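# Tertiary structure, described
Below, each chain spelled out in residue letters.
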Amino acid sequence: MLGTIDESDLLELHQEVLEKSGCLRFRALGSSMFPFIRSGDFLTAKSVNPTDISIGEIPLYQREGRSFAHRLIKKEIINGTFLFVTRGDHHTFCDPPVHSSQILGKVVCVERSGRVIR
């Protein structure tokens, strides 16, 4: 019998898949990135060095036991630590800064209705 997976186990699985294969495909949920990413789209993220993510790209990161894929608005170095400021395209406010250790990868592909957007 299969049990349910709690979110912390799912995050660990995401990290492990990215570390071992370098790539993770998952279904987007929510409307924070509308219209670029829609709920139900399939996203492909690849493992990258967080410092190599450019403004305008979409990092996949974890916070408070959940995964997010929001657009990178700003990168800054504070006391030698990289911090990343992200925002959902549909939001008018930025997310709290993300530490480089929270970044799992970056979105490189969006699939919707058989169409691929890179």
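Located above this text is the structure these notes cover.
Let me sum up the structure you'll find in this document. (Residues numbered from 1 in each chain as written. Predicted model: local features only at pLDDT ≥ 70, side-chain atom pairs only at ≥ 80, totals over all residues. Heavy atoms only, no water.)

## Re the overall build of the chain
- If you tally the helices and strands in the chain, you get 1 helix and 9 strands.
- Considering the chain as a whole, with its 118 residues, one finds that 35% of them fall into the buried category.
- Across the chain, contacts joining residues at least 24 apart in sequence account for 49% of those joining residues at least 6 apart. (Helix = DSSP H or I, 4+ residues; strand = E, 2+ residues; numbered from the N terminus. Buried < 20%, exposed > 50% of the residue type's maximum accessible area, 1.4 Å probe, protein only. Contact = heavy atoms within 4.5 Å.)

## Some details on the pattern of salt bridges
- Counted according to the given criterion, the structure contains 5 salt bridges.
- The salt bridge involving Asp41 is made with Arg112; its shortest N-O contact spans 2.8 Å. One end of the pair, Asp41, is in the loop between β1 (23-27) and β2 (42-46); the other, Arg112, is in strand β8 (residues 103-112), with 71 residues separating them in the sequence. Just as Asp41 is buried, Arg112 falls in that class too. (Salt bridge = Lys/Arg side-chain N within 4 Å of Asp/Glu carboxyl O.)

## A look at the packing of aromatic side chains
- Applying the stated criterion across every chain yields a total of 2 aromatic pairs.
- Considering the side-chain rings of Tyr61 and Phe68, the 5.6 Å spacing of their centres and the 20° angle between planes classify their relative orientation as stacked. For the residue pair Tyr61 and Phe68, the accessibility class agrees, reading buried in each case.
- Taken together, a centroid distance of 6.3 Å and an interplanar angle of 25° make the contact between Phe82 and Phe84 stacked.
- Overall, the relative accessible area of 28% leaves Phe82 in the partly exposed class.
- Judged by its relative accessible area of 1%, Phe84 falls in the buried class.
- The side chain of Arg71 reaches across the aromatic face of Phe36, ending 5.3 Å from its centre. (Phe/Tyr/Trp six-rings, centres within 6.5 Å; stacked < 30°, edge-to-face > 60°. Lys NZ or Arg CZ within 6 Å of the ring centre and 35° of its normal.)

## Some remarks on the side chain of His70
- When you line up the elements, His70 lands in the loop between β4 (66-69) and β5 (71-78).
- A distance of 2.8 Å separates the side chain of His70 from the side chain of Ser32, its partner in a polar contact.
- At a separation of 2.7 Å, a polar atom in the side chain of His70 contacts the side chain of Asp95.
- The residues touching His70, leaving out its near neighbours within four places in the chain, are Ser32, Met33, Glu57, Ile58, Pro59, Tyr61, Thr86, Arg87, Gly88, His91 and Asp95. (Polar contact = N/O pair within 3.5 Å; in protein donor to acceptor, adjacent residues only side chain to side chain.)

## A word on the nonpolar core
- Judged by nonpolar contacts, the single largest core of 14 residues is most densely connected at Phe26, Ile37, Leu43, Ile58, Leu60 and Val107.
- Elements supplying a minimum of two residues to this core: β1, β2 and β8.
- Considering each element in turn, this core owes the most residues, 3 residues, to β8.
- Once residues within four sequence positions are removed from consideration, Phe26 is found in contact with Asp41, Phe42, Leu43, Ala45 and Leu60. (Core = buried A, V, L, I, M, F, W, Y, C linked by side-chain atoms within 4.5 Å.)

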